[in-house]
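# A look at the structure
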Amino acid sequence: QVQLVESGGGLVQAGGSLRLSCAASGRTFTSYAMGWFRQAPGKEREFVAAISWSGGSTYYADSVKGRFTISRDNAKNTVYLQMNSLKPEDTAVYYCAAGFGPGRRRYDYDYWGQGTQVTVSS
């Protein structure tokens, strides 16, 4: 089992930045690829970014490429999502996930956090 706890969400103006963190506990963090997904009201949960267990490979949705950066610190069992140049359409609940991917599908991940709200005002 892996427990995931996200933090760092909040309210920010368009053009601003936020950094989300996801702290993992339980089984060996380095066994897992990590991903970030988001879900806006009335929409499906969608892929945002993913990172391999070593941090050597990263993947992004086209909608966030060039604005968001995923990284991980295996010594701290934590994965991050740095979000810059935020837009109102980035408003959503953001979830981190652990799996044996990395992948872009929800089904690539076995463990999920509870989510953290990000709201971008125009």
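Preceding block: the structure.
Figured I'd write up the structure that's included with this text. (Residues numbered from 1 in each chain as written. Predicted model: local features only at pLDDT ≥ 70, side-chain atom pairs only at ≥ 80, totals over all residues. Heavy atoms only, no water.)

### Focus on the packing of aromatic side chains
Operational definition: Aromatic rings from Phe, Tyr and Trp, taking only the six-membered ring of Trp, are treated as a pair when their centres fall within 6.5 Å; an angle between ring planes under 30 degrees marks them as stacked, one over 60 as edge-to-face, and anything in between as tilted. The way it works is that DSSP assigns letters per residue, a run of H or I at least four long becomes a helix, a run of E at least two long becomes a strand, and they are numbered from the N terminus. The rule is simple: take the accessible area with a 1.4 Å probe, protein chains only, and divide by the maximum for that residue type; under 20% is buried, over 50% is exposed, in between is partly exposed.
In this structure the tally under the stated criterion is six aromatic pairs. Taking the centre distance of 5.4 Å and the plane angle of 80° together, the rings of Phe37 and Tyr109 count as edge-to-face. Here Phe37 is found in strand β4 (residues 33–39), whereas its partner Tyr109 is found in strand β10 (residues 109–112), with 72 residues between them in sequence. The pair Phe37 / Tyr109 is uniform in exposure class, with both members buried. Aromatic rings pair up to connect Phe37, Phe47, Tyr109 and Trp112 into one cluster.

### With respect to the pairing of strand β3 (residues 18–26)
Selection rule: Strands were regarded as paired on the criterion that DSSP finds at least two bridges between them.
Inspection of the sheet shows strand β1 (residues 2–7) paired to β3 by six bridges, in the antiparallel sense. Paired with Leu4 across the two strands is Ala24, which belongs to β3. Relative to strand β8 (residues 78–83), β3 is paired through six bridges, and the arrangement is antiparallel. Looking across to β8, one finds that Arg19 is bridged to Gln82.

### Describing the state of the cysteines
Covalent bonding between the sulfur atoms of two cysteines defines a disulfide. Short version of the rule: Two cysteine sulfur atoms form a disulfide, by the criterion used here, when they sit within 2.5 Å.
Applying the stated criterion across every chain, the model contains one disulfide. Between the sulfur of Cys22 and that of Cys96 lies a disulfide, 1.9 Å long from S to S. Negative torsions about the S-S bond denote left-handed disulfides, and the value of about 45° found for Cys22 with Cys96 makes this one right-handed. Of the two residues, Cys22 is situated in strand β3 and Cys96 in strand β9 (residues 92–99); the sequence distance between them amounts to 74 residues. For the residue pair Cys22 and Cys96, the accessibility class agrees, reading buried in each case.

### Notes on the environment of Arg67
This is how the line gets drawn: Note on contacts: a residue pair is in contact if any heavy atoms of the two residues lie within 4.5 Å. Pairing of N or O atoms within 3.5 Å defines a polar contact, subject to two protein rules: one partner must be a possible hydrogen donor and the other a possible acceptor, and residues neighboring in sequence count only if both atoms are side-chain atoms.
In this structure, Arg67 sits in the loop between β6 (58–60) and β7 (68–73). Separated by 50 residues in the primary sequence, Arg67 and Ser17 have C-alpha atoms spaced 9.5 Å apart. Apart from residues lying up to four places away in sequence, Arg67 is in contact with Gln82, Met83, Asn84, Ser85, Leu86, Lys87 and Asp90. Only 2.8 Å separates the side chain of Arg67 from the side chain of Asp90, close enough to count as a polar contact.

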